[in-house]
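# Observations on the model geometry
For reference, the chains in residue letters:
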Amino acid sequence: MLRTHDLNVTQDVDSLFHPYTPLAQQRETGPLVIKRGDGIYVEDDQGKRYLEAMSGLWCTSLGFSEQRLMDAAAKQFQQLPYYQLFNGRSNEPSIELSHRLIEKTSHLGMAKAMFANSGSEANDQAVKMVWYYFNSIGKPAKKKLIARERGYHGVTVMSASLTGLAGNHMDFDLPIGDRVLRTACPSLHHYGRPGETEPAFVDRIVGELEALIAREGADTIAAFFAEPVQGAGGVIIPPPGYWDKVQAVLRKNDILLVADEVITGFGRTGQWFGCDTYNIRPDMMTVAKALSSSYLPISATLVSAKVYEGLTQGSTKNGVFSHGVTYAGHPVCAAVAIETLKIYEERDLVARTRALSPQFLRRLLAMEAHPMVHSTRGVGLIGALELVQDKATGKTFDPASGILARVQSAGLEVGLICRSLRDILAVCPPLIITEAQIDELFDKLAQSLDLAHADARKAGLMP
Ligand SMILES: Cc1ncc(COP(=O)(O)O)c(C=O)c1O
C-alpha cells in the first residue's frame, strides 16, 4: 500500500524514474527507501533492518560502512576534487590505481588500464577498442562479436546488444546492427538435452561455437565477450573443461577474448579474478563494481600489450586515440578504489572468501531439501537456487502466479534482501560476511521460502 502521507514516497513516485523497475506498478507500490548501512546490513526509512545478501547489485564487497573508504574520498576531495586524463594530463590516484590494477592482472597478460564509470561503459569501450585494433593492424574485415545467451554486459546501446537477455532488447530496438553473433550459455540445467552428460554438453556447445565461426568466417569475427561466471543471467557456473575448450577454439581462429569481470573481479569466486579460477587468459578484461566496493563509480578496460600496441599504431595513423569520458580516472573515485584494493590485501579478503566458501556452499546445497528448490549452484561467495513449482517434473512457476515475487517480498518481511532473476534466486553477499552471518543469511532465506511456499499451497499451486 502506497504511504501517501510520506514525502519520501510521494516525491519518489512523482519524480524519480527508476531503472529496471516495472514502471506502472511502481506508482502503486512506491519505493523501498534505504537510509543507512552498517556492515552487511542496511536499514530502511522505517527503521527496518535487512541483511543485504546481494551486496547491492553484486557490488559492495566491503559492506555499507567502511570508514577507510569514506576517509580516502574526503582526503582526495580536499586535495584535488577533479582532474582529467585527456591529452596526456594525469592525476596521482589514476596513476597509482592503474599501476595496482596491472600489478594484479599482469599474470593474466594485462598491460594497460583505461578508466570509465560503469561496467556498461567499460564493455562499450572494449568493443570500440576491438574494432580500432583490427582496423589498425590491417584486418578491417574482423568486426563481428560473439556473445552468449544469458550473458550480461550492461545497458548502453552496444553493451546491451552484447547482453543475451530478451528484456534488454525488447522495444529498445536492440541488438543494434548485425555484428553480434549469439552462442550458447554453458548451463546444462537450462539447455542440456534429455540424458546429456556434462562433458557431452560441453562438447556439443563448443562444437556449435566452432560451426558458427566456420559459417560466418573467422576472418570476419573480432572478439568473444564473456563473463567467467554469468551473473545476471542466473549465476551460471561453467562446467569443467568449458573454458579450456572455448579458449582453444578462439586461439585457433584469431578471435580476441574479452573477459567481463564486472561481477567476478576482486575475490568473488575465491581468487582475485574469475580468470584465475577458470584458467582464462584473456586479451582484454573489464572491471567495475568491487573495484571501489561501489562506494563511488569507477570501471576499467584492461588490455594486453599486443592489443595496446595495435591501438597505438592506429593512434599514430589517426593523430589521437579519440575516445574517453570526462570522468575517466576521476581522482576521488580512483582514490577510493586504491583504498579498496589495499583493504582486500591487508585483510586477505580473497583467501578469506576461499575459506568461507565451503560453509556458504554447504548451506546453499542444503536448501535443496526445500520443496520449492530444484537445485543450487555456487562458487566462492556467489550462488543461486532454481525455484520450481514441481520438483519431480521441474515445472517452474508462472510469473503471473506472483509466487516468485512473493519470495522477494517474504525476504523483506524477514529482513533479507536477495534477488529474483525469473525462477532463479541469487545470493552474493559482501565479502566481509562472517560465519555466523552466513548462517543468518540462509536461515532467513529458508524462512522466506517457507512463507512463499505457504502462499503457493494456499493458492493450490503446490501440495
Ligand atoms: C557482468 C556484468 N557486466 C557489466 C555490467 C554492467 O555494469 P553497470 O551496471 O555498472 O553498467 C554488469 C552489471 O551488473 C555485470 O554484471
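Residues numbered from 1 in each chain as written. Predicted model: local features only at pLDDT ≥ 70, side-chain atom pairs only at ≥ 80, totals over all residues. Heavy atoms only, no water.

## Comments concerning the overall build of the chain
Broken down by element type, the chain carries 16 helices and 15 strands. A compact globule built from 463 residues should have a C-alpha radius of gyration of about 23 Å, and the chain, at 22 Å, falls within 12% of that. Considered along the principal axes of its C-alpha atoms, the chain spans approximately 70 × 60 × 45 Å. Expressed as a percentage of the 463 residues in the chain, the buried residues total 53%. Counting only contacts in the chain whose residues sit at least 6 apart along the sequence, the fraction spanning at least 24 positions is 69%. Summed over its atoms, the accessible surface of the chain is roughly 20100 Å², and 55% of this surface lies on carbon and sulfur atoms. On the chain, the mean spot of the 47 positive side-chain charges and the mean spot of the 51 negative ones are 3 Å from each other. (Helix = DSSP H or I, 4+ residues; strand = E, 2+ residues; numbered from the N terminus. Rg over C-alpha atoms; globule rule 2.2 N^0.38 Å. Buried < 20%, exposed > 50% of the residue type's maximum accessible area, 1.4 Å probe, protein only. Contact = heavy atoms within 4.5 Å. Areas by Shrake-Rupley, 256 points an atom, 1.4 Å probe, with all protein chains shown as cover. Lys, Arg positive; Asp, Glu negative; His and termini not counted. Charge placed at Lys NZ, Arg CZ, Asp CG, Glu CD.)

## Looking at the site of the ligand
Taken together, Ser 118, Gly 119, Ser 120, Asn 123, Tyr 152, His 153, Gly 154, Glu 227, Asp 260, Val 262, Ile 263 and Lys 289 make up the full set of residues adjacent to the ligand. Interatomic distance of 2.5 Å between a side-chain N/O atom of Ser 120 and an oxygen atom of the ligand. Note that a nitrogen atom of the ligand is positioned 2.7 Å from one of the side-chain N or O atoms of Asp 260. About the coverage of the ligand: the protein hides 83% of its 390 Å² of free accessible area. Sort the elements by how many residues they give to the shell around the ligand and helix 6 (residues 119-136) lands first, with three residues. A breakdown of the residues in the shell around the ligand according to their chemical character gives three nonpolar, six polar and three charged. (Near = heavy atom within 4 Å. Polar contact = N/O pair within 3.5 Å; in protein donor to acceptor, adjacent residues only side chain to side chain. Nonpolar A, V, L, I, M, F, W, Y, C, P; charged D, E, K, R; others polar.)

## A closer look at the sheet that holds strand 1 (residues 34-38)
Reading across from one edge, 1-2-3-13 is the order of the four strands in this open sheet, with mixed pairing throughout. Strands at the two margins of the open sheet, each flanked by one partner only, are strand 1 and strand 13 (416-417). Relative to strand 3 (residues 49-52), strand 2 (residues 41-44) runs antiparallel, the two being bridged by three bridges. The residue of strand 3 that forms the bridge with Glu 43 is Arg 49. (Pairing = 2+ DSSP bridges.)

## A word on the domain arrangement of the chain
Per the domain assignment, the segments making up the chain are domain 1 (32-65 + 349-458) and domain 2 (69-346). Spacing between the C-alpha centres of domain 1 and domain 2 amounts to 27 Å. Contacts between the two partners involve 33 residues from domain 1 and, on the opposite side, 32 residues from domain 2. The junction of domain 1 with domain 2 conceals about 2400 Å² of combined surface from both sides, 62% of it contributed by carbon and sulfur atoms. Taken as a group, Trp 58, Leu 62 and Val 350 account for 25% of the area that domain 1 buries against domain 2, more than any other trio of residues on that side. The interface formed by domain 1 and domain 2 contains zero salt bridges. (Domains from an automatic or database assignment. Buried area = accessible area lost by both parts, 1.4 Å probe. Salt bridge = Lys/Arg side-chain N within 4 Å of Asp/Glu carboxyl O.)

## Regarding the nonpolar core
A general feature of soluble globular proteins is that nonpolar side chains tend to end up buried together. Among the nonpolar cores identified, the biggest contains 68 residues, and Trp 58, Leu 97, Phe 224, Trp 243 and Phe 266 are the most heavily contacted of them. Tallying contributions element by element places helix 13 (residues 331-346) first for this core, with nine residues. Built from parts of two domains, this core gets at least three residues from each of domain 1 (32-65 + 349-458) and domain 2 (69-346). Aside from chain neighbours lying at most four places away, what touches Trp 243 is Arg 148, Phe 224, Ala 226, Glu 227, Pro 228, Pro 238, Leu 257, Tyr 278 and Ile 280. (Core = buried A, V, L, I, M, F, W, Y, C linked by side-chain atoms within 4.5 Å.)

## Considering the environment of Ile 432
Secondary-structure assignment places Ile 432 in the loop between strand 15 (424-427) and helix 16 (435-458). The class for Ile 432 is partly exposed, based on a relative accessible area of 23%. Apart from residues no more than four positions distant in its own chain, Ile 432 is found in contact with Gly 39, Ile 40, Ser 61, Leu 62, Gly 63, Leu 349, Arg 352 and Gln 437.

## Side note on the pattern of salt bridges
Two side chains bearing opposite charge may form a pair once their charged atoms approach each other closely. For the structure on display, the rule yields 24 salt bridges. The closest approach of N and O atoms between Glu 196 and Arg 204, which form a salt bridge, is 2.8 Å. The class for Glu 196 is buried, based on a relative accessible area of 18%. A relative accessible area of 17% places Arg 204 in the buried class. For Arg 377, the salt bridge goes to Glu 386, with nearest N and O atoms at 2.7 Å. No difference in accessibility class separates Arg 377 from Glu 386, as the two residues are buried. Three or more residues joined by partner-sharing salt bridges are found here, namely Arg 68, Glu 339, Lys 342 and Glu 346.

## Regarding helix 5 (residues 92-105)
End to end, helix 5 covers 20 Å across 14 residues, agreeing with the expected 20 Å (1.5 Å per residue, within 8%). For helix 5, the elements touching its buried residues are helix 4 (67-79), strand 4 (110-116), strand 9 (284-287), strand 10 (299-304) and helix 13. Looking at where helix 5 begins, the residue whose side-chain oxygen comes 2.9 Å from the main-chain nitrogen of Ser 94 is Asn 91. (Expected span 1.5 Å × (residues − 1).)

## A look at the state of the cysteines
Applying the stated criterion to the full structure yields zero disulfides. The closest cysteine sulfur to the non-disulfide-bonded Cys 59 is located on Cys 428, 8.5 Å from its own sulfur. Relative accessible area serves as the criterion here: at 11%, Cys 59 is assigned to the buried category. Cys 333 takes part in no disulfide bond, and the closest cysteine sulfur, belonging to Cys 59, lies 14 Å away. Cys 333 gets classed as buried once you look at its relative accessible area, which sits at 9%. (Disulfide = S-S within 2.5 Å.)

## A word on the pairing of strand 12 (residues 382-387)
Strand 12 sits mainly inside the fold: six of its six residues count as buried. Because side chains alternate across strand 12, one face comprises the buried residues Ile 382, Ala 384 and Glu 386, and the other comprises Gly 383, Leu 385 and Leu 387, equally buried. In the sheet, strand 11 (residues 373-379) pairs with strand 12 via six bridges, with the strands oriented antiparallel. Residue pairing in the sheet places Val 373 in a bridge with Leu 387 of strand 12. Between strand 11 and strand 12, which follow one another and run antiparallel, lie two residues, and Gly 380 among them has a positive phi close to 55°. For strand 12 and strand 15, the ladder comprises four bridges, and the chain directions are antiparallel. The residue of strand 15 that forms the bridge with Glu 386 is Ile 424.

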